[in-house]
Amino acid sequence: MAAVGLLYVGAVLFVNGVLLLGRISPRAAAPLNLFVGALQVFTPTYLIVFAAGDPAQIALAAGLYFFGFTYLWVGINAITGWPNHGLGWFSLVVAVSAVGFAVYTWVELADRAFTALWMMWAVLWFAFFVLMAFDRADLGPAVGILAIGNAVVTTGVPGFVLLSGWWQDSTALALAIAVIGVLLLVLCLPLGRALAARGTSSESGSASTPAT
């Protein structure tokens, strides 16, 4: 069931990345954030209830609440117009917790690939923290690229592979995820600036075109 959640988290991260690139409005992204946020609250609750007291299952399910609350908060803020500073500081809590879950996954579960995924989520939520807690709107496009990259690498593709029964943990897979994560982090700023510049020039060109 957690794999189903991953698949739809990929969708909402992609949409939120497009939002941060300035291609859609916050209100346009609100419904999907609310839908996926509700799913990511229901899913861990279901997993914990039926975990039969298994500490590993309960621990991993508990981590999903952080993401569910994030998407619900994004959706609510988009509808109400409330400021994002509180969500930004909550994102710091999520980032630190994700590092903790990464350590737990490595030490207790010996799952190298999911350790790499947790670390990528930690980096992404730390980026959300800087963006929203400090009003760094200039970083929006770069964080948007990070979100879209995570939508593919850490949620959408893994969710589909898990649902298909093809997932196999390995050192090679973990290294591949880590390398992609580092490349994404290095490239997000220049790519974000390039896309922001293209959007600005397009708007300027449209504005300078006389109406017919």
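Scoring rules and cut-offs
Residues numbered from 1 in each chain as written. Predicted model: local features only at pLDDT ≥ 70, side-chain atom pairs only at ≥ 80, totals over all residues. Heavy atoms only, no water. Helix = DSSP H or I, 4+ residues; strand = E, 2+ residues; numbered from the N terminus. Rg over C-alpha atoms; globule rule 2.2 N^0.38 Å. Buried < 20%, exposed > 50% of the residue type's maximum accessible area, 1.4 Å probe, protein only. Contact = heavy atoms within 4.5 Å. Areas by Shrake-Rupley, 256 points an atom, 1.4 Å probe, with all protein chains shown as cover. Lys, Arg positive; Asp, Glu negative; His and termini not counted. Charge placed at Lys NZ, Arg CZ, Asp CG, Glu CD. Axes fitted to C-alpha atoms, helices over the stretch in contact; angles between N-to-C directions. Parallel < 35°, antiparallel > 145°, perpendicular 65-115°, else oblique. Left-handed = near helix turned anticlockwise from the far one by under 90°. Phe/Tyr/Trp six-rings, centres within 6.5 Å; stacked < 30°, edge-to-face > 60°. Polar contact = N/O pair within 3.5 Å; in protein donor to acceptor, adjacent residues only side chain to side chain. Core = buried A, V, L, I, M, F, W, Y, C linked by side-chain atoms within 4.5 Å. Expected span 1.5 Å × (residues − 1). Bend = angle between axes of the 7 residues up to and from the residue. Salt bridge = Lys/Arg side-chain N within 4 Å of Asp/Glu carboxyl O.

Q: I keep staring at the overall build of the chain and nothing clicks. Help me out?
A: Each helix and strand in the chain was counted, giving seven helices and zero strands. For the chain, the succession of helices and strands along the chain, N to C, is α-α-α-α-α-α-α. Against the 2.2 N^0.38 benchmark of 17 Å for 212 residues, the chain shows a C-alpha radius of gyration of 18 Å, consistent with a compact globule. Among the 212 residues that make up the chain, the fraction classed as buried is 43%. Long-range contacts, defined here as pairs at least 24 residues apart, represent 73% of the contacts in the chain between residues at least 6 apart. About 10900 Å² of surface is accessible on the chain, with carbon and sulfur atoms providing 73% of the total. Counting 6 positive and 7 negative side-chain charges, the chain places the averaged centre of each group 15 Å from the other.

Q: When you look at the packing of helix H3 (residues 55-80) against helix H4 (residues 85-107) in this model, what are you seeing that I'm missing?
A: Geometrically, a packed helix pair is captured by the angle between its two axes and the distance between the axes. Viewed as axis vectors pointing N to C, H3 and H4 meet at an angle of 160 degrees, and their least axial separation amounts to 11 Å. One element, H3, and the other, H4, form an angle in the roughly antiparallel class. Relative to H4, the crossing made by H3 is left-handed.

Q: What is the right way to look at the packing of aromatic side chains in this model?
A: The way to describe two aromatic rings as a pair is by their centre distance and the angle between their planes. Scanning the entire structure with this criterion turns up 18 aromatic pairs. Both rings, one in Phe160 and one in Trp166, keep their centres 6.1 Å apart while their planes meet at 80 degrees; by these two values the pair is edge-to-face. Take Trp166: its relative accessible area is 60%, and that puts it in the exposed class. Three or more aromatic residues joined by ring pairs make a cluster, and in this case those are Phe67, Tyr71, Phe101, Trp118, Trp121, Trp125 and Phe128.

Q: When you look at the environment of Asn150 in this model, what are you seeing that I'm missing?
A: Relative to the assigned elements, Asn150 resides in helix H6 (residues 140-164). For Asn150, a relative accessible area of 2% puts it in the buried group. Linking Asn150 and Leu184, residues 34 residues apart in sequence, is a C-alpha distance of 8.8 Å. Excluding its chain neighbours within four sequence positions, the residues that come into contact with Asn150 are Leu13, Met120, Trp121, Leu124, Thr155 and Leu184. Of note is the side chain of Asn150, whose polar atom sits 2.9 Å from the backbone oxygen of Leu146.

Q: What am I meant to see in the nonpolar core here?
A: Soluble globular proteins: nonpolar side chains tend toward being buried together. The biggest cluster of nonpolar side chains holds 42 residues, and the ones touching the most others in it are Leu13, Phe67, Tyr71, Trp118, Trp121, Leu124 and Trp125. Contributing elements (two or more residues each) for this core: helix H1 (2-20), H3, H4, helix H5 (112-133), H6 and helix H7 (171-208). If you tally residues by element for this core, the top one is H5, at 14 residues. Other than its neighbours up to four places away in sequence, Phe67 contacts Val94, Trp118, Trp121 and Trp125.

Q: What am I meant to see in H6 here?
A: Given 3.6 residues per turn, any residue in an α-helix points the same way as the ones three and four places further on. Compared with the 36 Å implied by 1.5 Å per residue over 25 residues, the 34 Å span of H6 between its first and last C-alpha is a close match. The sharpest bend along H6 measures roughly 40 degrees and falls at Ala151. Trailing H6 by a residue or two, Gly165 shows a phi angle of about 80 degrees, which is positive.

Q: Any chance you could explain the pattern of salt bridges here in plain terms?
A: Pairing between side chains of opposite charge can happen when their charged atoms approach one another. Scanning the model with the defined rule gives two salt bridges in all. Ionic pairing is found between Asp169 and Arg112, a salt bridge with its closest N-O pair at 3.3 Å. Of this pair, Asp169 sits in the loop between H6 and H7 while Arg112 sits in helix H5, and the two are 57 residues apart along the sequence. With a closest N to O distance of 2.9 Å, Asp138 and Arg136 form a salt bridge. When its relative accessible area of 52% is taken as the criterion, Asp138 is described as exposed. By relative accessible area, Arg136 is classed as partly exposed at 34%.

Q: Help me out: how do you make sense of the side chain of Thr105 in this one?
A: Among the structural elements, Thr105 can be located in helix H4. Accessibility expressed as a relative area gives 2% for Thr105, which makes it buried. At 2.7 Å, the side chain of Thr105 forms a polar contact with the backbone oxygen of Phe101. Each residue touching Thr105, except ones within four places of it in the same chain, is listed here: Leu60, Ala110, Asp111, Phe114, Thr115 and Trp118.

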